[in-house]
Amino acid sequence: MSSNLEVEPGAASESVLVTTDSFENFDHMSSSLEEIKNLNAIAENDESNVENSNVENFEDLAENVPCNNEDDDFIQSKEWATRSKHVFVLSLAGKPIYSRYGNEDKLAWLFGVMQTLVSFVQSNDDTIRSIHAGDTKFVFLVKKPLILVAVSRTQETVNQLSSQLNYVFNQIASVLTLTRLNKIYEQRQNYDLRRLLAGVERLIDHLLDFSEREPSFTLGAVQCLSLASSVRDNISSAIVGACSKIKNIVFAILLANNKLITLVRMKKYCLHPADLHLIFNLVQASESLKTAESWTPLCLPRFDASGFLYGHVSYLSEDCQACLLLLTVERDVFFTLSEAKQRIVEKLRRNNCLEAINESLNATEETCIVAGFPELRHYLYKCKSTAQFYQPSLSPPYTKYHERLTNLYKRAHQLLHCSTRPLKLLFEKSSNEAILAWDTRGFELYVVFEPLVDTNSAINSVGRLLNWIKKREEKLFHLNAPTF
Amino acid sequence: MKTIVGKVVVLGHQGVGKTSTVIRYVENSFTHHITPTVGASFFSCKILIDDITVKLQIWDTAGQERFKAMAPMFYRNANAALIVFDITSQQSFESMQGWVVELQRNVESPMVLCVVGNKIDLSKNREVTRDEAIQYARSIGASYHECSAMQDQGVGVVFDDVARGLIRLFGNTTDHNLKVYDSENIDNIMASSSELEATDTGKEETVNLSIRSIAHGNTVKPKCC
């Protein structure tokens, strides 16, 4: 293919994000938190007692989780049965925890069936992965101490569905920590986890919608807000300037509109895109964060599933709706971080960075036609070494048929990443559109063309497109990996 | 002119309207579909009572059970607690009593306690009677208010009462964590990381009968200690 690029667009010598494939098993967890704490282990022992004094007793289960009776016959309802994708979470003992649609309590019998299927296969020292019945897939993910099940009539593959289930598991771990989750079930197998997950259903609901819609989940990457590199550097250095003296800040993340503006990190530590997706999900699903500065515990399962980071979460200002998260391992430094945030905002205001952010937020990305590629409809470009991707604005017909585009990309991604026979290059024409998908060592590219495009001009366009992105890489990607 | 800075913690069951009450007071606005608080939110506001400015640093905590372990961070060193329940929910009333017990166990210094019954706009579904609530509030030496954050009824009175309570607390006892400043210029108080530094207790008078010295205690009975 004709592209004369030495280095793929968006590549950088150092990455702010961990770069791995999205389907990789989530099991290996680092113990970063302990490391960071020990680094600064000054006699703070008297503080640590406070946490332990508040350990609750999981035995007292006097209080029942209230259930609403409004949808008594939900299971019989057509609406429930025709949903294209159900997701269920239950404990290993078969206790209902979450159902995407309907009331879990009314579905107790169904959870019983799922638990039986899992334990039946387990009794032969085997693990159930999926059942295929006609066009319906039942995908199981057994992750101690939970069982997650997806029942789907969508085109998504088993891998893609179990990756979504993994996200759901991580969402649960992110609010409780894996350590606590395990401890709860060690103490009491029959525990009703819904008690602790009150309000988290909302996060899981949002996460599922989000992961079905956003290419970032399929690609295992994040999109950055387009900003001149000087502006992005200014923002990063304002954050570094305000925070460098504060010990134990691990990450500072500035995001807006589901796009990353900048990420400053502690030396040695990187954030995994999957963790960043959970953060995006939290911010998007929690309107209440807009009302005031918040202080919240947050576990990033890929970073360290055993404990909490504490986050100062706030929007920059009334006139700039970008959300700043300052994550630390210290439990009570709210005011220190609050003050740092003030300094950051002042600095950004002085350097006109707030305006620049607003400008970029208000301007939509160029569509392919505007950028000078009339034969292209849409594309996704992912730079592997930095786990970042770029996409242009949607143009017709996908403004109306967005779901078709999403499915197109999911399918192409699967063909490039299936474990049995992964393709390197795919070019496919249908009556609706043509798609070219290309997996190289440095990048992945998915381009959707007008249906009548021929192979030569498609290849030419791709070459031109790569050059176009290369020219703008400083603006479209977060190339520096600033540290405190 | 005297300025008092008091730390106020807002506690209560999930969904009783803690955030709505605070936002009604601080911003005078109300949203029907507010999402649950994540962790805790911080607000600050000033009230002028007679010639004293009372600056409230309000910690609006999340009511969900999973955040319970975080609560001590916020009620430690608090000078006042707003304990909110929903008058249409007996469960929230009981859960509120749990919070009071926890405060009594863990907070030694005197504290202004204020019990708030929210959602009086829904009084046709009332499950907790006014008398029951008043009686309970008396028994713990707290004041009692009913309000509706949605219809903006009685919210101002709650915070006014907290402020007055703080002034009384300041006048009555020496064992308190209140910060008092003589000038009006206290805008940089936040900057001194008030959380972290040892608070300025005057004399060592840490009696264990904290409940006795609550500002509103007319009919105070010390509960099990």
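Residues numbered from 1 in each chain as written. Chains lettered and ligands numbered in written order. Predicted model: local features only at pLDDT ≥ 70, side-chain atom pairs only at ≥ 80, totals over all residues. Heavy atoms only, no water.

Draft legend 1. Here's a closer look at the overall build of chain A. Broken down by element type, chain A carries 16 helices and 16 strands. Counting the 484 residues in chain A, one finds 57% classified as buried. Carbon and sulfur atoms make up 49% of the accessible area of chain A, which totals about 20,700 Å². (Helix = DSSP H or I, 4+ residues; strand = E, 2+ residues; numbered from the N terminus. Buried < 20%, exposed > 50% of the residue type's maximum accessible area, 1.4 Å probe, protein only. Areas by Shrake-Rupley, 256 points an atom, 1.4 Å probe, with all protein chains shown as cover.)

Draft legend 2. Quick look at the packing of aromatic side chains. A complete count under the given rule lists 25 aromatic pairs over all chains for this structure. Ring geometry for A:Tyr269 and A:Phe303: centres 5.9 Å apart, planes at 75 degrees, overall edge-to-face. With A:Tyr269 in the loop between strand S8 (259-265) and helix H10 (273-285) and A:Phe303 in helix H11 (residues 301-304), the pair connects residues that are 34 residues apart, well separated along the chain. Side by side, A:Tyr269 and A:Phe303 carry an identical accessibility label, which is buried. On the basis of an interplanar angle of 40 degrees and a centroid distance of 4.7 Å, the ring pair of B:Trp59 and B:Phe74 is categorised as tilted. On the criterion of sequence distance, the pair formed by B:Trp59 in strand S3 (residues 52-61) and B:Phe74 in helix H2 (residues 71-75) is long-range, its members being 15 residues apart. Judged by relative accessible area, B:Trp59 falls into the buried class, the value being 1%. With a relative accessible area of 3%, B:Phe74 lands in the buried category. Through a chain of ring-to-ring contacts, the aromatic side chains of A:Trp295, A:Phe308, A:Tyr310, A:Phe334, A:Phe335, B:Phe42, B:Trp59 and B:Phe74 assemble into a single cluster. Against the face of A:Tyr101 rests A:Arg83, its NZ or CZ located 4.0 Å from the ring centre. Taking NZ or CZ as reference, A:Arg404 lies 5.5 Å from the ring centre of A:Tyr401, over its face. (Phe/Tyr/Trp six-rings, centres within 6.5 Å; stacked < 30°, edge-to-face > 60°. Lys NZ or Arg CZ within 6 Å of the ring centre and 35° of its normal.)

Draft legend 3. Local environment of the interface of chain A and chain B. Listed by partner, the interface residues are 34 residues for chain A and 35 residues for chain B. Carbon and sulfur atoms supply 57% of the area buried between chain A and chain B, which totals about 2,900 Å² over both sides. For the pair chain A and chain B, the interface holds one salt bridge. Note that B:Glu65 and A:Arg195 form a salt bridge whose closest N and O atoms lie 3.2 Å from each other. (Contact = heavy atoms within 4.5 Å. Buried area = accessible area lost by both parts, 1.4 Å probe. Salt bridge = Lys/Arg side-chain N within 4 Å of Asp/Glu carboxyl O.)

Draft legend 4. The arrangement of the UniProt feature "domain: FUZ/MON1/HPS1 third Longin" (unreviewed entry) in chain A in detail. Within the UniProt annotation, "domain: FUZ/MON1/HPS1 third Longin" (unreviewed entry) is assigned to residues 375-473 of chain A. Summarising residues 375-473 of chain A: 34% helix, 29% strand, and an end-to-end C-alpha distance of 22 Å. (UniProt positions renumbered as here; feature names shortened; annotations may be inferred.)

Draft legend 5. Up close: the confidence of the model for chain A. All names here are of chain A. Here chain A averages 87 in pLDDT, while 89% of its residues score no lower than 70. Confidence over residues 22-26 falls short of pLDDT 50; this stretch has 17 contacts with residues more than four positions distant or in other chains. Every residue in residues 43-69 is under pLDDT 50, and counting partners more than four places away or in other chains gives 37 contacts. (pLDDT = per-residue confidence, 0-100.)

Draft legend 6. Just the environment of A:Leu348, in detail. Residue and element names in this part refer to chain A. Looking at the secondary structure, you find Leu 348 in helix H12 (residues 334-350). With relative accessibility at 0%, the residue Leu 348 sits in the buried group. Residues contacting Leu 348, with those up to four places away along its chain left out, are Ile 235, Ala 238, Leu 316, Cys 353 and Leu 354.

Draft legend 7. A look at the pattern of salt bridges. Residue and element names in this part refer to chain A. Overall, the coordinates contain 26 salt bridges over all chains when judged by the stated rule. Across the salt bridge formed by Asp 319 and Arg 349, the nearest N and O atoms sit 3.2 Å from each other. Taken as a pair, Asp 319 in the loop between strand S10 (309-317) and strand S11 (320-328) and Arg 349 in helix H12 lie far apart in primary sequence, 30 residues in all. Here Asp 319 falls in the partly exposed class, since its relative accessible area comes to 41%. Classification of Arg 349 as partly exposed rests on a relative accessible area of 43%. Lys 424 is paired through a salt bridge with Asp 439; the nearest N and O atoms lie 3.9 Å apart. In this pair, Lys 424 is assigned in the loop between helix H14 (402-417) and strand S14 (425-429) and Asp 439 in strand S15 (residues 434-439), connecting sequence segments 15 residues apart. Taking relative accessible area as the criterion, Lys 424 reaches 57% and is therefore assigned exposed. It is possible to trace a salt-bridge network through shared partners that takes in Lys 85, Arg 100, Glu 156, Asp 209, Glu 212 and Lys 410.

Draft legend 8. Inspection of the state of the cysteines at higher detail. Residues and elements named next belong to chain B. Tallied over the entire structure, the rule returns zero disulfides over all chains. As a non-bridged cysteine, Cys 45 has Cys 114 as the owner of its nearest cysteine sulfur, 14 Å distant. There is no disulfide at Cys 114, and the cysteine sulfur nearest it, in Cys 147, is 9.1 Å away. (Disulfide = S-S within 2.5 Å.)

Draft legend 9. Local environment of the pairing of S10(A). Residue and element names in this part refer to chain A. With nine of its nine residues buried, S10 lies for the most part within the structure. In the sheet, strand S9 (residues 293-298) pairs with S10 via five bridges, with the strands oriented antiparallel. Looking across to S10, one finds that Pro 297 is bridged to Tyr 310. Bridge count between S10 and S11: seven bridges; the pairing is antiparallel. The partner of Val 313 across the bridge, within S11, is Leu 325. (Pairing = 2+ DSSP bridges.)

Draft legend 10. Inspection of the sheet that holds strand S2 (residues 96-99) of chain A at higher detail. Residue and element names in this part refer to chain A. Taking strand neighbours across the sheet as the criterion, the five strands line up as S2-S1-S5-S4-S3 in an open arrangement whose pairing is antiparallel. Each edge of the open sheet is held by one strand with a lone partner, namely S2 and strand S3 (130-133). Taken pair by pair, the neighbouring strands of this sheet meet at an average axis angle of 15 degrees, ignoring direction. The strands touched by helix H4 (residues 108-122) are strand S1 (85-91), S2, S3, strand S4 (136-143) and strand S5 (146-152); relative to S1, the strand with the most contacts, the crossing angle is about 70 degrees. Sheet strands in contact with helix H5 (residues 158-176) are S1, S3, S4 and S5, and its direction is about 40 degrees off that of S4. (Axes fitted to C-alpha atoms, helices over the stretch in contact; angles between N-to-C directions.)

Draft legend 11. Representation of a nonpolar patch on the surface in the model. A cluster of nonpolar side chains, namely A:Trp109, A:Val113 and A:Leu117, defines an oily patch on the protein surface of about 280 Å² accessible area. Topologically, A:Trp109 is positioned in helix H4. (Patch = residues over 30% accessible without salt bridge, like charges linked within 9 Å, V, L, I, M, F, W, Y side chains within 5 Å.)

Draft legend 12. Just the nonpolar core, in detail. Of all hydrophobic cores here, the largest spans 143 residues; its most connected members are A:Leu193 and A:Ile253. Sort the elements by how many residues they give to this core and H5(A) lands first, with nine residues. If sequence neighbours within four positions are ignored, A:Leu193 has contacts with A:Ile97, A:Leu146, A:Ile172, A:Leu176, A:Leu181, A:Ile184 and A:Tyr185. B:Val10, B:Ala80, B:Val116 and B:Val155 belong to the second-largest nonpolar core, a separate cluster that totals 30 residues. (Core = buried A, V, L, I, M, F, W, Y, C linked by side-chain atoms within 4.5 Å.)

Draft legend 13. Summary view of helix H6 (residues 178-187) of chain A. All names here are of chain A. Within the sequence span of H6, burial applies to Leu 178, Arg 180, Leu 181, Ile 184 and Tyr 185. The buried residues of H6 all sit within an arc of 170 degrees when viewed along its axis, so they share a single face. On its buried face, H6 is in contact with S1, S2, S5 and H5. (Arc of directions from axis to C-beta.)

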